[in-house]
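Chain by chain, the residues:
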Amino acid sequence: MEFIAKNTDILKLKTQCAVVFALNNKLLTSAEKIDKTHHGVLSKALKSKDLGESLGKSLWISVPQTSKEQPYERLLLVQLGKPAKAKTTDIKCESWRKALVAINAAINTTQAKDAAVYVDDVNIHESTESTLALATDLALSAEKSQYRYDTTKNEVKLPVLKKMTLVTSDMSAAKRGLTKGKSLGCGINTTRELGNLPGNICTPQYLADQAKSLASQHPKLSVKLLGEKQMEKLGMGSFLSVAKGSDEEGKLIIMEYKNAKNATAPHVLVGKGITFDTGGISLKPGAAMDEMKFDMCGAASVFGAMHALVEMNAPVHVVGIVAAAENMPSGRASKPGDVVTSMSGQTIEILNTDAEGRLVLCDALTYAERFKPKSVVDIATLTGACVIALGSHATGLYSNDDKLAENLLAAGEKTADRAWRMPLWDAYQKQLDSNFADMANIGGREAGSVTAACFLARFTKKYKWAHLDIAGTAWQSGAKKAASGRPVALLVEYLLNN
Ligand code: BES
Ligand code: MN
Ligand code: ZN
């Protein structure tokens, strides 16, 4: 989609769909202006309560197509509800986001190819750069609302909106915001698409090809691919113990985006990319096993974040590492009791082949040491236990560095892509004791999400590290089954601020 900022008047801008607002029982300036040219039809809709009084209600206003003074084909009146502070035009950030969801849903029911949004003097209450925030969320919301999964479906109706104009006097902030929101939206949609693709299409090789294609479009992004032979040379016995059960070759995908003003050490993202998780020899039960195609959503969020950063030409240095493999039972698969040696030299007793995420991640995390990173954040659909602990609202956050944890929590709060910090105390470590190796790959029934993080912590002592368990947040189940695109917004916000 195309987004533009314009400083103009509602009676002058030609558009297929003008969007105007009511706030605190009053029409805002642009709405008021056209109310006069249409014999008070907008104020009547407000007074009669046809519009509805709650935030996000909207009403299509029929306007005769005759007047010369009327350059819009459709007119949408949107209710912003009550202001955040009495007697102001300040609204909460959350309210603006809710209104945008409603606006996009309404526009997407029409055949309008473009729309113009008249924010007038609306301010985002929490923001010191209100126009930037308004514009970012406008573009982000519109871009996200355009996404439909249609790759393996016939006859999906795609929205027709191609262009959105934000009408404002604060042009420079609006332009920056629109670019940021659009790029973030594109990144989030990339993550959703990769997550939604079935396991027979989205294989480790498919992910590797995605990385190559992303790099071919952006000169500041480079890619390195490691196959199983190369990983053997590096001693990645843990990663390979998962990959070897499958006919699909495991891949370590390394993307580097280098666009910082000065030569600086990179921030590293590491994504779990299990393109399908059957559980291996410790086979999962059949119910809802199809959802284990989403077990590469951590990897997908690394792709999405990289995509967003290059799209907005962000001045940052970021390395994205994806550990891609398929977890299958077979004659070559690992068995419970097998002991493998990780790249770090530590040995692991595989007591359950379904705890495979940590096995591929630990070697990718050791590989990350070579970048001398400022920080490393891994993102993984790691444990069902995290879903039990936090449900689908918060991502589980673990970190060996308080400042890093704070920064990630703040980024999640700001983008409504929230995380919640969980403990990484030493007291949990002994649950990983093994009689036959340096550690076991499972820690028993209690605190399953914590012991998984404790396992990873043994491989991340050399740098500032955080782990995001997105098992509950990466996708929705049921009738709305689909990848959510989380936590791309959190990651991008964190990387832009640090
Ligand atoms: N990919 C799963 C975790 C998962 C399960 C995410 C359900 C979302 C929904 C992971 O590989 C796994 O199987 N974890 C096991 C670990 C256990 C064997 C210690 C789990 O959570 O049951
Ligand atoms: Mn598993
Ligand atoms: Zn898994």
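Shown above is the structure to which this text applies.
Asker: Even after reading the chapter, I still don't get the site of ligand 1, so can you show me in this structure?
Answerer: Near ligand 1 lie 16 residues; those nearest to it are K284, D295, D354, E356 and G384. The contact in question runs from an oxygen atom of ligand 1 to an N or O atom on the side chain of D277, over 2.9 Å. In the model, a nitrogen atom of ligand 1 is placed 3.3 Å from a nitrogen or oxygen of the T381 main chain. The fraction of the free accessible surface of ligand 1 (510 Å²) that becomes covered by protein chains is 77%. Residues belonging to the shell around ligand 1 are distributed by class as follows: 5 nonpolar, 4 polar and 7 charged.

Asker: How do you make sense of the coordination of the zinc ion (ligand 3) when you look at a structure like this?
Answerer: Protein coordination at the zinc ion (ligand 3): the donors are K272 (NZ), D277 (OD), D295 (OD) and E356 (OE), at 2.0 to 2.4 Å from the metal. One can describe the site at the zinc ion (ligand 3) as octahedral: its 6 donor atoms subtend angles covering 79 to 176° at the metal. Between the zinc ion (ligand 3) and the manganese ion (ligand 2), the interatomic distance is 3.1 Å, and D277 donates to each metal, bridging them. Of the two residues, D295 sits in the loop between β12 (267-277) and α9 (297-311) while E356 sits in the loop between β15 (347-350) and α10 (357-367), which places them 61 residues apart along the sequence. Overall, the relative accessible area of 2% leaves D295 in the buried class. The class for E356 is buried, based on a relative accessible area of 0%.

Asker: Please explain the coordination of the manganese ion (ligand 2) as it appears in this structure.
Answerer: For a metal with four tetrahedral donors the ideal donor-metal-donor angle is 109.5 degrees, whereas six octahedral donors ideally subtend 90 or 180 degrees. Protein-derived ligands of the manganese ion (ligand 2) are D277 (OD), D354 (O), D354 (OD) and E356 (OE), with the metal-ligand distances lying across 2.0 to 2.2 Å. Coordination geometry of the manganese ion (ligand 2): the 6 donor atoms subtend angles of 71 to 169° at the metal centre, consistent with an arrangement described as irregular. Between consecutive donor residues of the manganese ion (ligand 2), the sequence gaps follow D-x76-D-x1-E.

Asker: I tried to follow the sheet that holds β15 on my own but got confused; where do I start?
Answerer: The strands making up a sheet associate through backbone hydrogen bonding, with each pair oriented either parallel or antiparallel. In space, the 3 strands of this open sheet follow the order β14-β15-β19, with mixed pairing throughout. Of all the strands in the sheet, just β14 (338-341) and β19 (439-440) have a single pairing partner and so form its edges. Bridge count for β14 against β15 is 4 bridges, and the pairing is antiparallel. Within β15, the position partnered with D338 by the bridge is I350.

Asker: Honestly, the packing of aromatic side chains in this entry has me stumped. Any pointers?
Answerer: The description of an aromatic ring pair uses the distance of the two centres, along with the angle that the planes make with each other. In the structure shown here, the tally under the stated rule is 5 aromatic pairs. Taking the centre distance of 5.9 Å and the plane angle of 55° together, the rings of F21 and W96 count as tilted. Taken as a pair, F21 in strand β2 (residues 18-23) and W96 in helix α3 (residues 93-107) lie far apart in primary sequence, 75 residues in all. Grouping residues by exposure puts F21 and W96 together as buried. Pairing F294 with W475 gives two aromatic rings, centres 5.0 Å apart and planes at 20°, and the pair type is stacked. Residue F294 is found in the loop between β12 and α9, and its partner W475 is found in strand β21 (residues 475-476); the two are separated by 181 residues along the sequence. Classification of F294 by relative accessible area gives buried; the value is 1%.

Asker: Quick question: what am I supposed to make of the pairing of strand β5 (residues 75-79) here?
Answerer: Look at any regular strand and the pattern is simple: side chains alternate between the two faces of the sheet. With respect to burial, β5 is a largely interior element, 5 of its 5 residues being buried. Alternating residues of β5 divide into L75, L77 and Q79 and L76 and V78, and every residue in both groups is buried. The sheet contact formed by β2 and β5 spans 5 bridges and is parallel. From the neighbouring strand, A18 faces β5, where its bridge partner is L75. Here strand β4 (residues 58-61) runs beside β5; their pairing, made up of 4 bridges, is antiparallel.

Asker: Would you explain the environment of L23 in this entry?
Answerer: Mapping L23 onto the fold places it in strand β2. Overall, L23 belongs to the buried group, its relative accessible area being 4%. L23 sits 58 residues away from G81 along the chain, and the two C-alpha atoms are 5.4 Å apart. Those residues in contact with L23 that sit more than four places away from it in its chain are L28, Q79, L80, G81, K82, P83, T88, T89 and I91.

Asker: Can you help me understand the packing of helix α5 (residues 171-196) against α9 in this one?
Answerer: Helix-helix packing is characterised by the crossing angle of the two axes and by the distance between the axes. It is the contact of α5 with α9, at a shortest axis distance of 7 Å, that shows an interaxial angle of 155°. Considering the angle they form, α5 stands roughly antiparallel to α9. For the pair α5 and α9, the sense of crossing is right-handed. Only C297, A300, S301, F303, G304, H307, A308 and E311 of α9 make contact with α5, whose side of the interface consists of S183, L184, C186, G187, T190, T191, L194 and G195. Of the residues contributing to the contact of α5 with α9, the split by class is 7 nonpolar, 8 polar and 1 charged.

Asker: Is there a simple way to think about the sheet that holds strand β13 (residues 317-327) in this case?
Answerer: With mixed pairing, the 8 strands of this open sheet are ordered in space as β10-β11-β13-β12-β16-β20-β17-β18. What marks the edges here is a single partner per strand, and that holds for β10 (221-226) and β18 (419-421). Taken pair by pair, the neighbouring strands of this sheet meet at an average axis angle of 20°, ignoring direction. As judged from the 8 bridges shared by strand β11 (residues 251-258) and β13, these two strands associate in the antiparallel manner. Looking at β13, one finds that K251 is bridged to A324.

Asker: Is there a simple way to think about the pattern of salt bridges in this case?
Answerer: Side-chain pairing between opposite charges can occur once the charged atoms of the two side chains come close. Within this structure, the stated rule accounts for 21 salt bridges. Between R97 and D137 there is a salt bridge, with its nearest N and O atoms 3.2 Å apart. Of this pair, R97 sits in helix α3 while D137 sits in helix α4 (residues 130-145), and the two are 40 residues apart along the sequence. Given the relative accessible area of 24%, R97 is considered partly exposed.

Parameters at a glance
- Residues numbered from 1 in each chain as written.
- Chains lettered and ligands numbered in written order.
- Predicted model: local features only at pLDDT ≥ 70, side-chain atom pairs only at ≥ 80, totals over all residues.
- Heavy atoms only, no water.
- Near = heavy atom within 4 Å.
- Polar contact = N/O pair within 3.5 Å; in protein donor to acceptor, adjacent residues only side chain to side chain.
- Areas by Shrake-Rupley, 256 points an atom, 1.4 Å probe, with all protein chains shown as cover.
- Nonpolar A, V, L, I, M, F, W, Y, C, P; charged D, E, K, R; others polar.
- Donors = N, O, S within 2.8 Å, 3.2 Å for Na, K, Ca; no water.
- Tetrahedral: all angles 85-135°; square planar, octahedral: opposite > 155°, others 65-115°.
- Helix = DSSP H or I, 4+ residues; strand = E, 2+ residues; numbered from the N terminus.
- Buried < 20%, exposed > 50% of the residue type's maximum accessible area, 1.4 Å probe, protein only.
- Pairing = 2+ DSSP bridges.
- Phe/Tyr/Trp six-rings, centres within 6.5 Å; stacked < 30°, edge-to-face > 60°.
- Contact = heavy atoms within 4.5 Å.
- Axes fitted to C-alpha atoms, helices over the stretch in contact; angles between N-to-C directions.
- Parallel < 35°, antiparallel > 145°, perpendicular 65-115°, else oblique.
- Left-handed = near helix turned anticlockwise from the far one by under 90°.
- Salt bridge = Lys/Arg side-chain N within 4 Å of Asp/Glu carboxyl O.

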